[in-house]
Amino acid sequence: MDAVRIIAASRRGLAQASTVEDVVVEAWQAQALAEAIGSHLAIVGPYEVRSRARGLGDAGGRFSGGLLCQAPATDGLRAAQLSEVRDVKAALTGLGRLLQEVCEALVGVVCSADEEGMYWTCVEAMDTADESRDHVAGILEKLEARERNLA
């Protein structure tokens, strides 16, 4: 499945998240997607972005919030469905937007976390999503520089 479609599904999932655990699961889903897209672009993306894409893949893989809250068995991990990134720029723009929405949702629920472990999980998720957003922005800058050089 194309990255843009998976990102749209993740944004819908985040919008429908109604509990702290749901938001953490969606943050985990988004980070897994960042890891998958970064890893994909590190292998088959434009040469100029491969190093930064590897960083995105590494950053996306560091969040362990899914260990506390399991994804629904019926849906599984959306990132596992990634088979292609047809429009790199659209996928990265959408991923950046998704990661921003994840951060906003986590800020909204971090205070309602019932236990200290969940609180710190939310903080970790915000840090990781923010780091991934930085990598996405860096990749987009490289793509824009590449387009300017080709023009």
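Residues numbered from 1 in each chain as written. Predicted model: local features only at pLDDT ≥ 70, side-chain atom pairs only at ≥ 80, totals over all residues. Heavy atoms only, no water.

J.: Teacher, can you tell me more about the pattern of salt bridges here?
T.: One side chain can pair with another of opposite charge once the charged atoms of both are near each other. In total, this model carries six salt bridges according to the counting rule given. Of the charged contacts in the structure, one is a salt bridge between Arg78 and Glu26, with a shortest N-O distance of 2.8 Å. One end of the pair, Arg78, is in the loop between α3 (50–60) and α4 (88–110); the other, Glu26, is in helix α2 (residues 20–44), and 52 residues separate them in sequence. Of the residues examined, Glu26 reaches a relative accessible area of 10% and is grouped as buried. A salt bridge links Arg86 to Glu84; its shortest N-O distance comes to 3.0 Å. Residue classification places Arg86 among the exposed positions, given a relative accessible area of 62%. (Salt bridge = Lys/Arg side-chain N within 4 Å of Asp/Glu carboxyl O. Helix = DSSP H or I, 4+ residues; strand = E, 2+ residues; numbered from the N terminus. Buried < 20%, exposed > 50% of the residue type's maximum accessible area, 1.4 Å probe, protein only.)

J.: Can you walk me through α3 in this structure?
T.: Those residues of α3 that fall on the buried side of the exposure criterion are Ala53, Gly55, Leu56, Gly57, Ala59 and Gly60. On its buried side, α3 packs onto α2, α4 and α5 (116–150). (Contact = heavy atoms within 4.5 Å.)

J.: I would appreciate a short explanation of the environment of Ile37 in the present structure.
T.: Summarising the element assignment, Ile37 is placed in helix α2. Between the alpha carbons of Ile37 and Glu84 there is a distance of 8.7 Å; along the sequence they are 47 residues apart. Those residues in contact with Ile37 that lie beyond four places of it in its chain are Ala3, Ile7, Leu82, Leu92 and Leu95.

J.: Could you clarify how one ought to interpret the environment of Val110 in this entry?
T.: One can find Val110 in helix α4. By relative accessible area, Val110 is classed as buried at 10%. Sequence separation between Val110 and Val23 is 87 residues, and the spatial gap between their C-alpha atoms is 9.8 Å. Apart from the residues lying within four places of it in its own chain, the contact partners of Val110 are Tyr119, Cys122, Val123 and Met126.

J.: When you look at the nonpolar core in this model, what are you seeing that I'm missing?
T.: Nonpolar side chains in soluble globular proteins tend to end up buried together. Membership of the largest hydrophobic core comes to 45 residues, with the highest contact counts inside it found for Ile37, Leu92, Leu95, Leu98, Val102 and Leu106. Elements with a contribution of two residues or more to this core: α1 (3–16), α2, α3, α4 and α5. At twelve residues, α2 tops the list of elements feeding residues into this core. What Leu98 contacts, discounting residues up to four positions off in sequence, is Ile7, Ser10, Arg11, Leu14, Ala30 and Leu33. (Core = buried A, V, L, I, M, F, W, Y, C linked by side-chain atoms within 4.5 Å.)

Any functional reading would require information beyond the geometric quantities listed.
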